[in-house]
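Examining the three-dimensional arrangement
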Amino acid sequence: MSFMQALRQRWQQAGTLVCVGLDPEPAKFPARFAGDADAVFAFNRDIIDATAEYACAFKPQIAHFAALGAEDALARLVAYAHANHPGIPVILDSKRGDIGSTAQHYVTEAFDRYGADAVTANPYLGRDSVQPFLDRADRGVVVLCRTSNPGAGDLQDLDVAGRPLYQHVAEKVAREWNGHGNCALVVGATWPSQLREVRAIVGDVPFLVPGVGAQGGDVEAVVSNAKTADGTGLMVSSSRAILYASSGDDYAAASAAAAKSLRDQINRYR
Ligand SMILES: O=C(O)c1cc(=O)[nH]c(=O)n1[C@@H]1O[C@H](COP(=O)(O)O)[C@@H](O)[C@H]1O
């Protein structure tokens with residue numbers, strides 16, 4: 001099954017638009033993981049098991065693993081999620097972008113080495129830099145459009161031919177790059193009016209929406225501005241607010257409760 005088919009099936013059958021972000025920071029792990037040489041795998045595995053019921057996708061962020069030298073744990077976690085929670089796609093958040101010949105290696109990294117179902121990609125080197133990702137029709141390509149961070153507008157809002165640059169990205173992805181129907185866009189939860197504008201440009205192209213939880217984005221504003229006509233179209237992503245909901249021995253139950261609460265909040269406004 002392709003990434004897009006799996007995502008749509010998950011939205012419909014599990015009734016959830018929550019993407020669970022996996023951003024391991026050992027300093028925030030519960031005390032019981034102290035001294036555990038395989039803590040990065042074990043903690044994330046427990047979070048995956050606890051939150052799967054509420055997840056339309058999992059999204060490991062590669063720098064959080066690579067900085068710890070925990071690439072092996074990342075590969076095992078993707079395999080674990082696929083084996084134990086089939087049907088829930090895994091998005092590798094690596095925000096790659098480079099000349100085509102190098103991009104090909106990023107494709108191999110994301111889809112073959114790690115086995116991810118989708119990857120985040122930076123569009124600013126242009127189409128040829130994203131093409132190797134687009135060519136993998138069964139995998140998802142989640143292109144940065146209007147990011148959640150405070151400085152998003154520094155470059156993404158620059159006026160180009162009468163419109164902000166991020167709107168050109170949205171249009172190009174929806175009309176030119178999405179020939180296989182495998183594209184999605186990143187639009188931050190912290191920007192409700194931009195969510196609405198991008199939705200108006202791209203029709204039903206799915207959005208990955210980070211920025212609720214720790215970054216303070218408003219769930220009602222996200223859903224009301226960015227859902228598609230059938231009340232789906234969103235992967236509302238939260239990492240820290242789910243992962244570190246408790247630092248006690250109840251960490252897994254607390255993460256499940258946080259994911260459930262986000263799912264229910266989203267569903268109230270669909
Ligand atoms: O591509 C992303 O996932 C992403 C794009 C963006 O615009 N903003 C953003 O926060 N992210 C990622 O989403 C996660 C947000 O984490 P929390 O703020 O803890 O929910 C981090 O892994 C970020 O790298």
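By the naming in an unreviewed UniProt entry, the chain goes by Orotidine 5'-phosphate decarboxylase and is assigned to Lysobacter antibioticus. The UniProt entry for the chain carries this comment under Pathway (unreviewed entry): "Pyrimidine metabolism; UMP biosynthesis via de novo pathway; UMP from orotate: step 2/2." Note on the chain: under the UniProt heading Catalytic activity (unreviewed entry), the record states "orotidine 5'-phosphate + H(+) = UMP + CO2".

The next subject is the UniProt feature "active site" (unreviewed entry) in the chain. Mapped onto this structure's residue numbering, the UniProt feature "active site" (unreviewed entry) falls at Lys95. Looking at Lys95, the relative accessible area reads 40%, which means it is partly exposed. With residues near it in sequence (within four places) discarded, Lys95 still touches Gln61, Thr120, Ala121, Asn122 and Leu144. Among the polar contacts listed, one links the side chain of Lys95 to the side chain of Asp93, at a separation of 2.9 Å.

A few words now on the nonpolar core. Within the largest apolar cluster, 90 residues are counted, with the highest numbers of intra-cluster contacts made by Phe58, Leu185, Val198, Phe207 and Met235. Apart from the residues within four sequence positions on either side, Met235 is in contact with Phe3, Leu7, Trp11, Leu17, Cys19, Cys56, Ile91, Ala184, Pro206, Phe207, Leu208 and Val209.

Taken together, the side chains of Leu155, Leu158 and Val160 define a hydrophobic patch exposed on the protein surface, amounting to about 270 Å² of accessible area. Here Leu158 shows up in the loop between α7 (153–156) and β6 (159–160).

Moving on, we come to the state of the cysteines. What the rule picks out here adds up to zero disulfides. Cys19 supplies the cysteine sulfur nearest to Cys56, a cysteine that is in no disulfide, at a spacing of 6.0 Å.

Rules of the game
- Residues numbered from 1 in each chain as written.
- Predicted model: local features only at pLDDT ≥ 70, side-chain atom pairs only at ≥ 80, totals over all residues.
- Heavy atoms only, no water.
- UniProt positions renumbered as here; feature names shortened; annotations may be inferred.
- Buried < 20%, exposed > 50% of the residue type's maximum accessible area, 1.4 Å probe, protein only.
- Contact = heavy atoms within 4.5 Å.
- Polar contact = N/O pair within 3.5 Å; in protein donor to acceptor, adjacent residues only side chain to side chain.
- Core = buried A, V, L, I, M, F, W, Y, C linked by side-chain atoms within 4.5 Å.
- Patch = residues over 30% accessible without salt bridge, like charges linked within 9 Å, V, L, I, M, F, W, Y side chains within 5 Å.
- Areas by Shrake-Rupley, 256 points an atom, 1.4 Å probe, with all protein chains shown as cover.
- Salt bridge = Lys/Arg side-chain N within 4 Å of Asp/Glu carboxyl O.
- Helix = DSSP H or I, 4+ residues; strand = E, 2+ residues; numbered from the N terminus.
- Disulfide = S-S within 2.5 Å.

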